[in-house]
Amino acid sequence: MNNSDLANGIDAFKAAFRRHAAGVAAITSVAPDGRPVGFTATSLASLAAVPPLATFNMAQASSSWPAITVGNHIAIHMLGPHSRHLAETMAADHDLRFVGDHWRASENGLPLLEGATAVMIGRIIDVHPVHNNAVVVVEIEHGILGAEDEALLYHERTYMRPLALESNSPSV
């Protein structure tokens, strides 16, 4: 690396995270006014197995933000290449995210996306505001397994699938 490869502050941050592949999930919930809300997330992480906790990050300016309150339920949808359309839909115009037959309401009204490889249903137990964003902690209550699929990754502003490396590959 030489000095021409260096960037400062936000430019360095953005460039580095574009090079960091992340799994893709869609998070859905119900807003206080009863309408379904959702968004695509690449910040989903496991926090603990006992009790089962997951975290994700989001902007407080998000159209889904009003649904992110302690005690509210959410559905976390794991996505694969066959459900890439869900990632694209949940990242598009918020007024169009629930137009169509790619989702259904659960018994309690929670929006469930059709075609996810797995869905975890949980309750928000903590929200940590940080500047204009927040870290959200969810306790998983139950889940639904869908059809198996490869992982869907987001890397360099593109959706991708992983490629297994040979165990004796010199590039590992």
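Draft legend 1. The arrangement of the overall build of the protein in detail. From N to C terminus, the protein includes two helices and twelve strands. Listing every helix and strand of the protein by position from the N terminus yields α-β-β-β-β-β-β-α-β-β-β-β-β-β. In terms of overall dimensions, the protein has C-alpha extents of about 55 × 40 × 35 Å along its principal axes. Counting across all 172 residues of the protein, residues that qualify as buried make up 33%. Of all intrachain contacts in the protein linking residues separated by at least 6 positions in sequence, the fraction that spans at least 24 positions is 64%. For the protein, the accessible area works out to roughly 10,500 Å², and carbon and sulfur atoms hold 55% of it. Averaging the locations of the 10 positively and 17 negatively charged side chains of the protein gives two centres separated by 7 Å.

Draft legend 2. Representation of the packing of aromatic side chains. Using the criterion set out here, one finds four aromatic pairs in the structure. A ring pair is formed by Phe 13 and Phe 17, whose centres lie 4.9 Å apart and whose planes are at 50 degrees; its orientation type is tilted. Remark: Phe 17 and Phe 13 occur in helix α1 (residues 9-18); sequence separation between them is four residues, near one turn of the helix. Seen in terms of ring centroids, Phe 39 and Phe 56 are 5.8 Å apart; in terms of plane orientation they differ by 55 degrees. Their pairing is tilted. Taken together, the residues span a long stretch of sequence, with Phe 39 in strand β3 (residues 36-41) and Phe 56 in strand β5 (residues 53-59) at a distance of 17 residues.

Draft legend 3. Looking closely at the side chain of Thr 28. Considering the arrangement of structural elements, one finds Thr 28 in strand β2 (residues 25-30). Accessibility expressed as a relative area gives 1% for Thr 28, which makes it buried. Side-chain polar atoms of Thr 28 contact the backbone oxygen of Pro 111, separated by 2.5 Å. Leaving out residues up to four positions away in the same chain, Thr 28 has contacts with Val 37, Gly 38, Ile 74, Ala 75, His 77, Met 90, Phe 98, Leu 110, Pro 111 and Leu 113.

So, how was this worked out
Along every chain, residues carry numbers that run from 1 in the direction the sequence is written. This being a predicted model, a pLDDT of at least 70 is required before a residue's local features are given, and a value of 80 or more before pairs of side-chain atoms are given or counted; all residues contribute to the totals for chains, interfaces and linings. Side-chain descriptors were evaluated using all non-hydrogen atoms of the structure, hydrogens and water having been removed beforehand. A run of H or I in DSSP becomes a helix once it reaches four residues, and a run of E becomes a strand once it reaches two; helices and strands are each numbered from the N terminus. Between buried and exposed lies partly exposed: a residue is buried under 20% and exposed over 50% of the maximum accessible area for its type, with that area taken using a 1.4 Å probe on protein chains only. Between two residues, a contact is recorded if the distance between any of their heavy atoms is within 4.5 Å. Per-residue accessibility takes into account occlusion by the displayed protein chains alone, with areas from the Shrake-Rupley method and a 1.4 Å probe. His is not counted, nor are the chain ends, whereas Lys and Arg count as positive and Asp and Glu as negative. In this description, the location of a charge corresponds to atom NZ of lysine, CZ of arginine, CG of aspartate or CD of glutamate. Within 6.5 Å between ring centres, the rings of Phe, Tyr and Trp (the latter by its six-membered ring) count as paired, and their orientation is classed by plane angle as stacked under 30 degrees, edge-to-face over 60, tilted in between. Polar contacts, as counted here, are pairs of nitrogen or oxygen atoms within 3.5 Å of one another; within protein the pair requires one atom able to donate a hydrogen and one able to accept it, and residues that are adjacent in sequence qualify only if both atoms are side-chain atoms.

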